[in-house]
Amino acid sequence: MGSYLGIEYTVWWFLVFGAVISGYAILDGFDLGAGALHLFLNKEESRRIALNAIGPVWDGNEVWLVIGGGALFAGFPVAYAAIFSAFYIPFMIFMVGIIFRAVAIEFRSKEPMLWWRKLWDVAYCVSSIVIALSLGLMLGNVAEGIPLNQDREFAGSWLSFLNPFAILVSLTTLALFMVHGAIYLTMKTENRLYAKLHLLTNNFTIFFVVTFVITTLYTLLYIPHLSDFFRSRPGFFVIPVLMTATIANIPRQVKRGKYRYAFLSSAATIALLLIMVSLEVFPYLLYSPQNPANSITIYNAASSSKTMKILLIIALIGTPLVGVYTSFVFWTFKGKVKLDDMSY
Amino acid sequence: MNVEILARIQFAFTIAFHYIYPPLSIGLGLIIVIMEGLYLKTGNKVYEHATRFWIRIFALIFGIGVATGIIMEFEFGTNWATYSKYVGDIFGSALAAEGIFAFALESGFLGILIFGWNRVGPKVHFFSAIMVFLGSLFSAVWIVVANSWQQTPAGFRIVGQGMNARAEITDFWAMVFNPSSMDRLIHVWNGAILAGAFMVLSVNAWYILRNKFTDIAKESFKIALLVATVFSLLQLLAGHKSGEGVAVNQPAKLAAMEGHYDSFAKADMYLLGYVNNKQKKTSGIKIPGGLSYIVHGKFDAPIKGLDAFDPSARPTQINTIFQTYHIMVALGMTMILLTLFGSYLWWRKKLFDKKWVLVAFVWSVLLPQIANQAGWFTAEIGRQPWVVYGLLKTSDALSKTVKANQVIFSLVLFTIVYIILFALFLFLLNRKIQHGPADDNAKDEIEEGTKRDNPLMIH
């Protein structure tokens, strides 16, 4: 395996993959969160404004999922094969959620009837929640590990996904996305809707802190291999500390009405959470607690050195490009939402 | 039923459904670029209304294309884990490149295309239209490269043995430019542009028949007719080139396409026919030695037949391949005749005079769609029993941990979801078409007549 700046390609690609997944969670996180809280908004106009706040960007956000899937497939095909065949049922439900959500956003505005719009509001909200929960469920299972056989394929029953730890991570993910989404919508709205979202942001923050604390306690008590990393490398304890700071900063900025900083804080919280999980599992991509020898690591799952090099070159050229036009799109639609004839 | 058959049905069903939409995006993308370009150049409001209308249709199609496309990306992992491991080193880089170069470009600028009318100037908007079109073209590149590698693998070596064997890249550009990728890419691009162009022809022919929005409809119809004529003819060349490639690289597929068994005999070319695979006999209306002539330039040259291949190394559903191939060719020829006839009427200034011609164009939307599907079925069933030609059998490519009942569960789920989705799609498409290109807002604009007099004015 080749290396660059003294770091192996596989490790570089793990970093790229982590960055893409974090990017996905931060970007799609706010529009999933906005979807999950959609039914808390009562008035037709509020719902329209909320939908149009994510309207021009949600599709672009979802692209990060496609890139993430491609990055895993390309760099760690063994892990890609194992993860998706193992998470078969949750993943199928996730994908149905993805379809219904896209359809709901797209179709809601196409007819004026009240029942039609209410139907798609429910579809949009439920599918957003389902997607957030199943993402969290997969993250939880990846973090605690799943049983693997000698061929590095899933060896458990599909119901084993619904274990307490994974469910806790799942709820935490949903709560965090809802905070993130509420802050985003607050940034994009005015007047009464703004006031309402302000209140919702605070409530969701409490929901998030509660789930986060319970999950952390559960991890410390029952999932020792995850906390081992920080026990053996005290220097990295700075990450949980930072994360606590960013979480605490959310209500502080919300109170001051500085929603942009609050949004950056919730984005940083998402990124730090994922960094923490990846540090805990590294170099494992999929840990097999029952039989650690069967685990999938970034080394035994990796593509060839040549492919890794090609991938890194693609990422090096592609990432700045994506950055430029993503920023351009966000810049174009900056400021508060104004409904016009092309709106949803 | 066993897992292999179920997984194949699921893949065929989900990919066939998905493939209704991306070709329309590519084709409509081109038409939108042309229309908006004409609007910028002439300032004629007819083009602006047409552009806005087709962008609304594009948005609907693109939304479903994305959602069903995400399913495809992950279905490799869920149902075809062994395949994913085998090709990951090669296929993965193409998929990653698609995501980062093509898909991100397309969906990023789509936001501006749909919602940006009042946010950016006309030139930036036009630029976004071009970017969306380029993005859709690029995404076809990577996906066709990946599929072509499965048809004609190149630039790789096999590492490992048995269930742990996998292909590794040795030469990236040899992988990208594998023997069939460029021919097939052009064939796919043409088919996609035809899908979009015929959709525009169909909708506008319907408007003209109904005397609705006639000014806009006639101009749009002419643009689409020009595009459809050019690309129908180009498709004949592209298809021929693709067929030549099959003759060289996948002789078993070629033999199946024409139901040719005997390696020591000349090969016929059928217009219509039927293959009896048990009796190894093909009957129908044919040009004797036609295939021999196309491949070797001589009517009596022998062509390698299905008998030259071990039964375990060649496709079994010969009649299906034969029929899908002939449907594709027949529809391709129909498109050429229809568009040439339309162009002739246009030249004689009688384009919109004949009612039956317009009726034919209304139905013509189905021609490229069915031809595209039939072509892909030919290509994919014709590659069997291989998933990677000559290297990996489809039956070895499955996820070993996935059980038949799981595949049935997801198959039923997708069938229900896709039926609902398709019904909604048709319902909304119909509503949008009924509503037409002159939306309420646009009518106000025409009445006010001030808002957008100068198309290059920056808002």
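Right, let's get into the overall build of chain B. Along the backbone of chain B there are 15 helices and 6 strands. Radius of gyration (C-alpha) of chain B: 24 Å, near the 23 Å computed for a compact globule of 459 residues. Overall, the C-alpha framework of chain B stretches about 75 × 50 × 40 Å when taken along its three principal axes. Scored against the burial criterion, the 459 residues of chain B give a buried share of 55%. Restricting to contacts in chain B with at least 6 residues of sequence separation, those with at least 24 account for 75%.

Within chain A one finds 12 helices and 4 strands. Compactness check: chain A gives a C-alpha radius of gyration of 20 Å against a globular reference of 20 Å for 344 residues, within 12% of the reference. Oriented by its inertia axes, the alpha-carbon framework of chain A measures out at about 55 × 40 × 40 Å. The long-range fraction of contacts in chain A, counting pairs at least 24 apart against all pairs at least 6 apart in sequence, stands at 77%.

Because an α-helix completes one turn every 3.6 residues, residues spaced three or four positions apart along the sequence face the same direction. With 28 residues, helix 12 (residues 305-332) of chain A extends 40 Å from end C-alpha to end C-alpha; this agrees with the ideal 40 Å at 1.5 Å per step. At A:G318, helix 12 of chain A is bent by approximately 25°, the largest bend along its length, and proline A:P320 sits one to four residues beyond. The set of residues buried in helix 12 of chain A consists of A:T307, A:M308, A:I310, A:L311, A:I314, A:A315, A:V322, A:T326 and A:V329. Buried residues belonging to helix 12 of chain A abut helix 1 (9-36) and helix 3 (58-75) of chain A together with helix 4 (81-115), strand 2 (166-169) and helix 6 (172-176) of chain B.

As a further point, take the interface of chain B and chain A. Listed by partner, the interface residues are 58 residues for chain B and 58 residues for chain A. Elements supplying a minimum of two residues to the side of chain B that touches chain A: helix 3 (45-79), helix 4, strand 2 and helix 14 (404-435) of chain B. No other element matches helix 4 of chain B, which puts 25 residues into the side of chain B that touches chain A. In terms of residue class, the side of chain B that touches chain A is built from 31 nonpolar, 19 polar and 8 charged.

Here we take up the environment of A:L199. Residues and elements named next belong to chain A. Assignment of secondary structure puts L199 in helix 8 (residues 191-222). On the basis of neighbour count, L199 is assigned to the exposed category, with 12 C-beta atoms found within 10 Å. Sequence spacing of L199 and T186 is 13 residues, and the spatial spacing of their C-alpha atoms is 9.9 Å.

Turning to the packing of helix 4 (residues 77-86) of chain A against helix 4 of chain B, a few remarks are in order. Two numbers describe how helix 4 of chain A lies on helix 4 of chain B: the axes approach to 8 Å, and their chain directions differ by 140°. Our classification of the angle between helix 4 of chain A and helix 4 of chain B gives oblique. Crossing of helix 4 of chain A over helix 4 of chain B shows right-handed handedness. Here helix 4 of chain A contributes A:P77, A:V78, A:Y80, A:A81, A:A82 and A:S85 to the contact with helix 4 of chain B, which in turn contributes B:A81, B:S84, B:K85, B:G88, B:D89 and B:G92. For the contact of helix 4 of chain A with helix 4 of chain B, the per-class residue count stands at 6 nonpolar, 4 polar and 2 charged.

In this section: the packing of helix 1 of chain A against helix 6 (residues 114-144) of chain A. All names here are of chain A. Where helix 1 contacts helix 6, the axes come no closer than 7 Å and their chain directions differ by 130°. By the angle between their axes, helix 1 is oblique relative to helix 6. Handedness of the crossing formed by helix 1 with helix 6: left-handed. Taking contact as the criterion, the partners of L32, G35 and A36 in helix 1 are, on helix 6, Y124, C125, S128, I129, I131 and A132. The residue inventory of the contact of helix 1 with helix 6, partitioned by class, reads 7 nonpolar, 2 polar and no charged.

Attention now goes to the pairing of strand 1 (residues 156-159) of chain B. Residues and elements named next belong to chain B. By the bridge criterion, 4 bridges tie strand 1 to strand 2 in an arrangement that is antiparallel. From the neighbouring strand, V159 faces strand 2, where its bridge partner is R166. Counting the residues in the hairpin turn of strand 1 and strand 2 gives 6 residues, including G160, whose phi is positive at 80°.

This part covers the environment of A:G136. Residue and element names in this part refer to chain A. By the element assignment, G136 lies in helix 6. Expressed as a C-alpha distance, the spacing of G136 and S170, which sit 34 residues apart in the sequence, is 3.7 Å. Setting aside its immediate chain neighbours within four residues, G136 contacts V169, S170, L171, T172, T173 and L174.

Turning to helix 1 of chain A, a few remarks are in order. Residues and elements named next belong to chain A. Across its 28 residues, helix 1 extends 38 Å between first and last C-alpha, which sits within 8% of the 40 Å expected from 1.5 Å per residue. Taken as a whole, helix 1 carries its principal kink of about 35° at G29. Burial within helix 1 is extensive, with 24 of its 28 residues counted as buried.

Here the residue pair A:F282 and A:P283 is connected by a cis peptide bond, since its omega of 0° sits within 30 degrees of zero. With respect to the secondary-structure elements, A:P283 resides in the loop between helix 11 (259-281) and strand 3 (284-286). For the bond from B:Q384 to B:P385, the omega torsion is 5°, close enough to zero to count as cis. Mapping B:P385 onto the fold places it in the loop between helix 13 (366-383) and strand 5 (386-388). We note that B:N211 has phi near 60°; this positive angle belongs to a residue other than glycine.

Here the focus is the nonpolar core. Ranked by internal contacts, the top residues of the largest apolar core, which has 264 residues, are A:A79, A:A82, A:L286, B:I31 and B:A197. Take this core: its biggest share by element is 22 residues, from helix 4 of chain B. Not counting chain neighbours up to four residues away, the residues in contact with A:L286 comprise A:A79, A:A82, A:I83, A:V142, A:G145, A:I146, A:L148, A:S295 and A:I296.

In this section: the confidence of the model for chain A. In this model, chain A carries a mean pLDDT of 85, and residues with pLDDT of at least 70 account for 99%. Taken element by element, the predicted model of chain A shows its lowest mean pLDDT in strand 1 (residues 3-4) of chain A (76) and its highest in helix 7 (residues 164-188) of chain A (91).

Turning to the confidence of the model for chain B, a few remarks are in order. Where the model shows low pLDDT, its predicted coordinates should not be examined in detail. All names here are of chain B. Of the residues in chain B, 95% have a pLDDT of 70 or more, and the chain-wide mean is 86. For residues 440-459, every residue scores under 50 in pLDDT, and the model assigns this stretch 16 contacts once sequence neighbours within four places are set aside. Across the interfaces of the predicted complex, the ipTM metric reaches 0.78, alongside a pTM of 0.85.

Conventions used here
Think of each chain on its own: its residues are numbered from 1, step by step along the sequence as written. Lettering of chains starts at A and numbering of ligands starts at 1, both following the order in which they are written. In view of the model being predicted, local features appear only for residues whose pLDDT reaches at least 70, and side-chain atom pairs are presented and counted only at 80 or more, with totals across whole chains, interfaces and linings using the full set of residues. In this description a helix means any DSSP run of H or I spanning at least four residues, a strand means any run of E spanning at least two, and both kinds are numbered starting from the N terminus. Each radius of gyration is computed over the set of C-alpha atoms, and the globule rule expresses the reference value as 2.2 Å times the number of residues to the power 0.38. Comment: burial labels come from other C-beta atoms within 10 Å of the residue's own C-beta, placed from the backbone, where a count of 20 or more is buried, 12 or fewer is exposed, and between is partly exposed. Any residue pair is listed as a contact if its two C-beta atoms, each placed from the backbone, are within 7 Å. Here a helix's expected span is defined as the number of its residues, less one, multiplied by 1.5 Å. Across the chain, bend at a residue is computed as the angle between axes fitted to the seven residues ending at that point and the seven starting from it. Gly counts as polar in this scheme, as do all residues outside two lists: the nonpolar Ala, Val, Leu, Ile, Met, Phe, Trp, Tyr, Cys and Pro, and the charged Asp, Glu, Lys and Arg. To get an axis, a line is fitted to the C-alpha atoms, and for a helix only the part in contact is used. The angle between two axes follows their N-to-C directions and goes from 0 to 180 degrees. For classification purposes, an angle smaller than 35 degrees is called roughly parallel, one larger than 145 roughly antiparallel, one from 65 to 115 roughly perpendicular, and anything else oblique. Handedness of a helix crossing follows the sense of rotation of the near helix relative to the far helix, less than a right angle counterclockwise being left-handed and clockwise being right-handed. Only strands that DSSP links by at least two bridges are regarded as paired with each other. A set of buried Ala, Val, Leu, Ile, Met, Phe, Trp, Tyr and Cys residues, joined through C-beta atoms within 7 Å, is what we mean by a nonpolar core. Scored from 0 to 100, pLDDT records how confident the predictor is in each individual residue.

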